[in-house]
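Chain residues, written in single-letter form:
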Amino acid sequence: MHERLGLRTRFALFFAALALGGLAILILGLWLGHARAGGPTDGFVIAGAVAGFGLAGLAAWIGLLFDQNVARPILALAADLATRARADIDVDIDEAPARYLGALAPAANAINDALAETRAAQDRAVAEKTALLNRDKAMFEALLRDLAEGVVVATPDHRIMLYNRAAQGLLGDLGLDRRLTTFLRPEPLAHALDRMGARAARGEIEAERFLAATACGERFLVARVSPIAVNGSRVGYVMIFHDATEDLDAHAERDHLFNTLLEAIRRPTAAIGALIDAIEADPDLCTDRRTSLFRQLRREQGALVVKVHEIAERHGTATARRWPMPAVASDDIFDALQARLPEDLRVEGARQFIRCDGFAITELLARVIGGLRSDPARCDFVLRAGACDREICLMLDWKGPELPDGQLDRWLAAPLSKGYGHYTGRDALEGHGTEMWSEATATGNRLMLPLQATRAPVLTPTDPRPEFYDFTLPQPVSDEIAERPLSELRFVVFDTETTGLSPRAGDEIVQIGGVPIVNGRILRGEAFDMLVNPGRHIPAASTAVHGIDNARVAAAPDIVEAGRRFHAYCEGAVLVAHNAAFDMAFLKLKEDRIGLRFDQPALCTVLLAAALYPDADDLTLDALATRFGVTLTNEHRHTALGDALATAEVFRHMLGVLEGAGIGTLGEAISRSDRMHRIRKAQNY
Amino acid sequence: MGRKSVLLAEDEDGIALALEYLIAREGYDTRRVADGDLVLKALEEAPPDLMVLDVMLPNRSGYEICQMIRRTERLKDVKVLMMTARGGEVERRKGLALGADAFLTKPFATADLTAQIRALLGGELDA
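Residues numbered from 1 in each chain as written. Chains lettered and ligands numbered in written order. Predicted model: local features only at pLDDT ≥ 70, side-chain atom pairs only at ≥ 80, totals over all residues. Heavy atoms only, no water.

Observations concerning the sheet that holds strand β4 (residues 79-84) of chain B
Residues and elements named next belong to chain B. Counted only if it meets this: Pairing between strands requires that DSSP locate at least two bridges from one strand to the other. Here a strand is any run of E in DSSP of at least two residues, a helix any run of H or I of at least four, and the numbering for each starts at the N terminus. Note on definitions: angles span 0 to 180 degrees between N-to-C directions of axes, and those axes are lines fitted to C-alpha atoms, for helices only across the stretch in contact. The criterion used for residue contact is that any of the two residues' heavy atoms lie within 4.5 Å.
Reading across from one edge, β2-β1-β3-β4-β5 is the order of the five strands in this open sheet, with parallel pairing throughout. The open sheet has two free edges, formed respectively by β2 (29-33) and β5 (102-105), since each of these has just one partner strand. For this sheet, the mean inter-axis angle between neighbouring strands, taken without regard to orientation, is 15°. Of the pairings in the sheet, the one linking strand β1 (residues 5-9) to β2 comprises five bridges and is parallel in character. Residue pairing in the sheet places serine 5 in a bridge with aspartate 29 of β2. Set on the sheet, helix α1 (residues 13-25) makes contact with β1, β2, β3 (50-54) and β4; between it and β2 the angle comes to about 165°. Its contacts with the sheet place helix α3 (residues 62-71) against β3 and β4, and it is angled at close to 170° to β4.

And the structure:
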């Protein structure tokens, strides 16, 4: 504004000065002429007046033209350029008003075009880079999510920065920024990290292997840790692990079986040898002696028979239990066969699931079908999968000549596939612990291949955990927690549903819901949601609020169990609730029964809002949501988790406002809350 | 009607020696062959009333021989008692599916074998 007035005023002043100067010179000239030449004054005055008005008018006219055609276009051009510098506007500058400014307007347009071009190129580059990053990210996420091994990335102080689904399956309810040592026995991990450190110091970059046990000691994990260094400084470690419990068990079982077998055979074999020696040693043995030696021989051999069968059976169950093959749908095998051998091959019957090496079984059947077809008298091939005994039989029916077992044997003796090296069809059958044969049916012949049945693989529920990594966890701080900025804390925002409003008059919790906030992100995937059996009747009035009735909590854990689980869930976090005093009262009253103290720092969104907006008279969750522009979906409100999520949304927005209001640390937030608490108490009484 | 005949197909000399003797002692006309091809020849010459058939034979497996017996009209009355040292359940099922009348897993008590033979042949004796 100043500038525009400035330029135009300056032009106006310039022409005014020109007019005034002209007038002054004119008056001076006339005065000089009159003084020297003399004569009547009137002529000079008239001449002066005409010339003066003419001069002033000319100056005003040219001044206006200048304003119209120079000052204003310059200002307009300047404004256009300034706007284009700040915002991306893809329209040329209008050159018409600036036509008297010579090449200035076209030059400005040239700059504008160049700017637009640069911007477009930059946008393209950014878009390309972003697409590339997104692709990398999607690949990385898919890879980690479906990796069969557990992966955890943690900070040097064991806070989890990343975990995958397998890790969650093995270690339980992992969460970002929670301590890995909560889920894993800390000593072996610490020891492995020490060795890893020493190794890294020696310049070896190999991973350190160790055997870890879960916190409850139920499972053993074979794990590898390796350091993560950025620019030479250690920022954390990655731990990759798999469950070794069953491996160890199976190994132990096999060792045990083998040792038992050896001992079971050695003893009677030695005895039988000795007995035969004794019988042979003296051909003239008396009958009694002979009979007793033979009886003993028979007894030893009988014991050997019993042992061998017993061990064979145990070995059978041991190998049946441990079957390291995936569940495969019979359809998948049949589809592959039909694709390879399309003529005269039908599939009938329902889909079954079997444990097998799908590729090997497909190759095996393809080999057999190919072989059978070499005799054109065979036709009408039908594939089917059906239950037989405890197994699923893959069946191939055909009309025409039967298949001699010797022929089948010869097909099976050949290597299965180039990809499998010398592995033959027979090897594949043995690998699956099965056999293959053909038998006659009413209409033709049928090839039978029994395989281990399995249930349909449980489709992993669409895991809602979109937030399974965060590499920007705040640096570990050794300061007192109260001194730490709010933005660096891990919060658990929670809510409870209860049988009523009076914890001290026997009302109990019926549901606990909670959700963590880490690094300003609400981790919906790590939510805590649990029904609690209150051990008492739930009044209908309360059921009307939260929809939880006696039947729904009948099988739920009691407050002792639920409280322990929730306590573990909140470990190291700051608790946040809307009207926290109410929910905390319920928890605190149960501390003795639970055997744990809920002494985490707690923040109340009501008190914090009161501190931020002293004049607000409505501090309900909905009012706060409106204030922060948060849309709360009504769907899950008045469930513990639904309200906890709503509170979390409000609290997340509040965090930014708190910082702006000078409440930056946890200590400040607590002291301001306490002050609000006292004021409100005073107001209430 | 003469003595019932038993054909013993077993390539392992130790057990064959004992079994041949024991089966013969039961009163059956007993022959022993040690090779799959020779089994076929023996069946060709004179079909026995019962075969004691080991699964693992040189040249031709017991399964193949059993299957062949079952599809040959002339041999359809031959009883087949299969035995193997491979002790899986699935081998037993394959044997029975291919037409064996009984299946024994080694080691077994010879008394069990002779009892099985008696049961398989005795039924026919009564008929």
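From this point, the narrative continues.
Some thoughts on the nonpolar core
Note the cut-off: Working definition of a nonpolar core: buried Ala, Val, Leu, Ile, Met, Phe, Trp, Tyr and Cys residues. They are joined through side-chain atoms within 4.5 Å. Think of it in three bands: residues with accessible area under 20% of the maximum for their type are buried, residues over 50% are exposed, and the middle band is partly exposed, with areas taken using a 1.4 Å probe on protein chains only.
With 61 residues, the main nonpolar core has A:Leu486, A:Phe491, A:Phe566, A:Leu603, A:Phe651 and A:Met654 as its most contacted residues. Of all the elements, helix α19 (residues 640-660) of chain A adds the most residues to this core, at nine residues.

Some thoughts on the pattern of salt bridges
The criterion, for reference: Each salt bridge in this description consists of a side-chain nitrogen of Lys or Arg and a carboxyl oxygen of Asp or Glu lying within 4 Å of one another.
Taken as a whole and judged by the stated rule, the model has 41 salt bridges over all chains. Among the ionic pairs, B:Arg93 bridges to A:Glu391, the shortest N-O distance being 2.2 Å. Taken as a pair, B:Arg93 in helix α4 (residues 89-97) and A:Glu391 in strand β10 (residues 391-399) lie in two separate chains rather than in one. With a relative accessible area of 15%, B:Arg93 lands in the buried category. The partly exposed category is assigned to A:Glu391, whose relative accessible area is 22%. Its salt-bridge partner being A:Asp409, residue A:Arg426 comes within 2.6 Å of it at the nearest N-O pair. In this pair, A:Arg426 is assigned in helix α11 (residues 425-431) and A:Asp409 in helix α10 (residues 405-413), connecting sequence segments 17 residues apart.

Section: the packing of helix α9 (residues 358-373) of chain A against α10(A)
All names here are of chain A. The line we're drawing: Angles are sorted into four bins: roughly parallel if under 35 degrees, roughly antiparallel if over 145, roughly perpendicular if 65 to 115, and oblique for all others. Helix crossings fall into two classes, left-handed where the near helix is turned counterclockwise from the far one by less than a right angle and right-handed where it is turned clockwise.
At a closest axis distance of 10 Å, the pairing of α9 and α10 adopts a crossing angle of 130°. It follows that α9 is oblique to α10 by the angle criterion. α10 is crossed by α9, and the crossing has right-handed handedness. Contacts between α9 and α10 involve Leu364, Arg367, Val368, Gly371 and Leu372 from the first element and Leu408, Trp411 and Leu412 from the second.

Looking at the interface of chain A and chain B
Cut-off, in case you're wondering: Buried area: the accessible area, evaluated with a 1.4 Å probe, that two parts lose upon being put together, summed over both parts. What qualifies as a polar contact is a pair of N or O atoms within 3.5 Å, subject to a donor-acceptor requirement within protein and to the restriction that residues adjacent in sequence count only when both atoms come from side chains.
Contact residues are listed per partner, giving 22 residues for chain A and 14 residues for chain B. Buried area between chain A and chain B, summed over both chains or domains, comes out near 1500 Å², and the portion from carbon and sulfur atoms is 50%. The largest per-residue losses of area from chain A upon contact with chain B belong to A:Asp405, A:Glu435 and A:Trp437, which jointly make up 33% of the total buried on that side. Put simply, chain A and chain B have four salt bridges between them. The tally of links from chain A across to chain B stands at 10 residue pairs in polar contact (both at pLDDT 80 or more).

Brief notes about the confidence of the model for chain B
As a reminder, the rule being used: pLDDT expresses how confident the predictor is about each individual residue, on a scale running from 0 to 100.
Mean pLDDT for chain B: 88, with 94% of residues reaching 70 or above. Reported confidences for the modelled complex are a pTM of 0.53 and an ipTM of 0.85.

Let's talk about unusual backbone geometry
With an omega of -5°, the peptide bond between B:Lys106 and B:Pro107 qualifies as cis. By the secondary structure assignment, B:Pro107 is in the loop between β5 and α5 (110-126). One non-glycine residue, A:His158, lies in the positive phi region at around 70°. Summarising the element assignment, A:His158 is placed in the loop between β1 (150-154) and β2 (160-163). Using a relative accessible area of 18% as the deciding quantity, one classes A:His158 as buried. With phi around 65°, A:Asn579 is a residue other than glycine that occupies positive phi space. Inspection of the secondary structure puts A:Asn579 in the loop between β17 (574-577) and α15 (580-589).

Some thoughts on the pairing of β1(A)
Residues and elements named next belong to chain A. With five of five residues buried, β1 is to be regarded as a mostly interior element. Of the two faces of β1, both are covered, the one formed by Gly150, Val152 and Ala154 as well as the one formed by Val151 and Val153. In the sheet, β1 pairs with β2 via three bridges, with the strands oriented antiparallel. If you follow valine 153 over to β2, its bridge partner there is leucine 162.

Side note on the packing of helix α2 (residues 36-45) of chain B against α3(B)
Residue and element names in this part refer to chain B. This is how the line gets drawn: Charged means Asp, Glu, Lys or Arg here, nonpolar means Ala, Val, Leu, Ile, Met, Phe, Trp, Tyr, Cys or Pro, and polar covers whatever is left, Gly included.
In contact at an axis separation of 10 Å, α2 and α3 are set at 20° when each is read in the N-to-C sense. Considering the angle they form, α2 stands roughly parallel to α3. Read as a crossing pair, α2 and α3 show a hand that is right-handed. Here Gly36, Val39, Leu40 and Leu43 of α2 come into contact with α3, specifically with Ile65, Met68 and Ile69. Of the residues that constitute the contact of α2 with α3, the class distribution is six nonpolar, one polar and no charged.

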